[in-house]
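# Survey of secondary and tertiary structure
Listed here are the chains, written in short residue letters.
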Amino acid sequence: ADGKGAGTVRNVKNTLSGLCEFAADAGAIKSNPCQGVKTPKPPADEMRFLTAEEVAGLADAIDQRWRTLVIFAAYAGLRAGEISALRVGRLDLMRGKVHVVESAAEVHGRLVIGPTKTYENRTVSLPPFLRDMLAEHLSSRADDPDSFVFQSPEGGQIRHSSWSRRFFAPATREAGLDGFRFHDLRHTCAALLISLGAHPQAIMERLGNSLITVCRDRCGHLFPSLDE
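Our subject in this report is the structure included herewith.

### What about the pairing of strand β3 (residues 103–107)?
- Sheet topology note: the β3/strand β4 (residues 110–114) ladder contains five bridges and is antiparallel. Considered in β4, the bridge of Val107 is made with Arg110.
- Here β3 folds back onto β4 in antiparallel fashion, the turn holding two residues, of which His108 has a positive phi close to 50°.

### Focus on the layout of surface pockets
- What the second largest pocket holds in volume is close to 620 Å³.
- As for the second largest pocket, its lining consists of 23 residues, and the residues nearest its centre are Gly81, Ser103, Ala104, Ala105 and Glu106.
- Broken down by secondary-structure element, the contributors of at least two residues to the lining of the second largest pocket are α4 (80–85), β3, β4 and α7 (184–195).
- The greatest single-element share of the lining of the second largest pocket, amounting to five residues, is contributed by β3.
- Grouping the amino acids of the lining of the second largest pocket by side-chain chemistry returns 13 nonpolar, six polar and four charged.

### Things to note about the sheet that holds strand β5 (residues 122–125)
- Judged by pairing direction, the sheet is antiparallel, and its three strands sit side by side in the order β1-β2-β5 without closing on themselves. Looking at which strands have only one partner, the edges of the open sheet turn out to be β1 (91–92) and β5.
- Judged from the four bridges that link them, strand β2 (residues 97–100) and β5 form a sheet pairing that is antiparallel. Paired with Lys97 across the bridge in β5 is Ser125.

### Digging into the nonpolar core
- Within the largest apolar cluster, 38 residues are counted, with the highest numbers of intra-cluster contacts made by Leu58, Phe72, Trp163, Phe168 and Leu185.
- Broken down by element, this core gets its largest block of residues, seven residues, from helix α3 (residues 67–76).
- With near-sequence residues (within four places) excluded, Phe168 lies in contact with Leu58, Ile62, Val70, Trp163, Phe180, Arg181, Phe182 and Leu185.
- Judged by nonpolar contacts, the second largest core, of six residues, contains Ala190, Ile194, Ile203 and Leu207.

The rules behind these values
In every chain, residue numbers begin from 1 and rise along the written sequence. Reporting in this predicted model follows two pLDDT cut-offs: at least 70 for local features of residues, and 80 or more for side-chain atom pairs to be given and counted; totals over whole chains, interfaces and linings ignore these cut-offs and use all residues. Processing note: side-chain calculations cover all non-hydrogen atoms of the structure and skip hydrogens and water entirely. Two strands pair if DSSP finds at least two bridges between them. Counting from the N terminus, the helices are DSSP H or I runs at least four residues long and the strands are E runs at least two residues long. Only protein atoms enter the 1 Å grid, on which a cavity is a set of points fitting a 1.4 Å probe that cannot get out and a pocket is an open set with protein on both sides within 12 Å along at least 5 of 7 lines, lining residues being those with an atom within 4 Å of a point. Grid points are joined across faces, edges and corners, and a volume is the space filled by probe spheres set on the points. Three classes are used, and their members are as follows: Ala, Val, Leu, Ile, Met, Phe, Trp, Tyr, Cys and Pro are nonpolar, Asp, Glu, Lys and Arg are charged, and the others, Gly among them, are polar. We call a set of buried Ala, Val, Leu, Ile, Met, Phe, Trp, Tyr and Cys residues a nonpolar core when their side-chain atoms join them within 4.5 Å. Only protein chains enter the calculation, and the probe is 1.4 Å; a residue is then buried if its accessible area is under 20% of its type maximum, exposed if over 50%, and partly exposed in between. Whether two residues touch is decided by their heavy atoms; if any such pair falls within 4.5 Å, the residues are in contact.

Pasting the structure below:
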């Protein structure tokens, strides 16, 4: 009734349902009143993705302090919160790996670091060129495992909402990509992997989707048919 989005309504209902289920198990109430309650389905997101050339153009258009961040997001496929929470100690540049175990979120104006969206850790392989870029990016902080890989201009943790408004949105306009969202870089990662012939299971594991159907539903139209 207040115009909340379908995703917000679903999250509130799921939280309340968990509390009621606990209360029912404890005998405080007879049953969970949330069972059987239907929530509205969110509209399907319009998928946008870039070519490798467009990724390079966007990286060139943004303030060069953030060039590595843009390319990292497009080729590693991490969520914005996972990038914000990523620490130097989670990188293994010798083996070309990044361990994704935490995510940052804004809660009542504060940045809070917690588990990933799916509550599962994963390891993502880095292409050699990105590994070299990260090594150069962190040349002065490579020995500080607790330092955030990508820091705000003030030296602290990136607050994604303000960073996107100050730096990412202007860069998309300059690159001729007005309306392109930071989250679309995850779609870009999936599209690039599909173009290389990656299996849906491998893409799911890289992006951290909890169900392979998520990958299929969001990216399925990009896969060539078996006949092709």
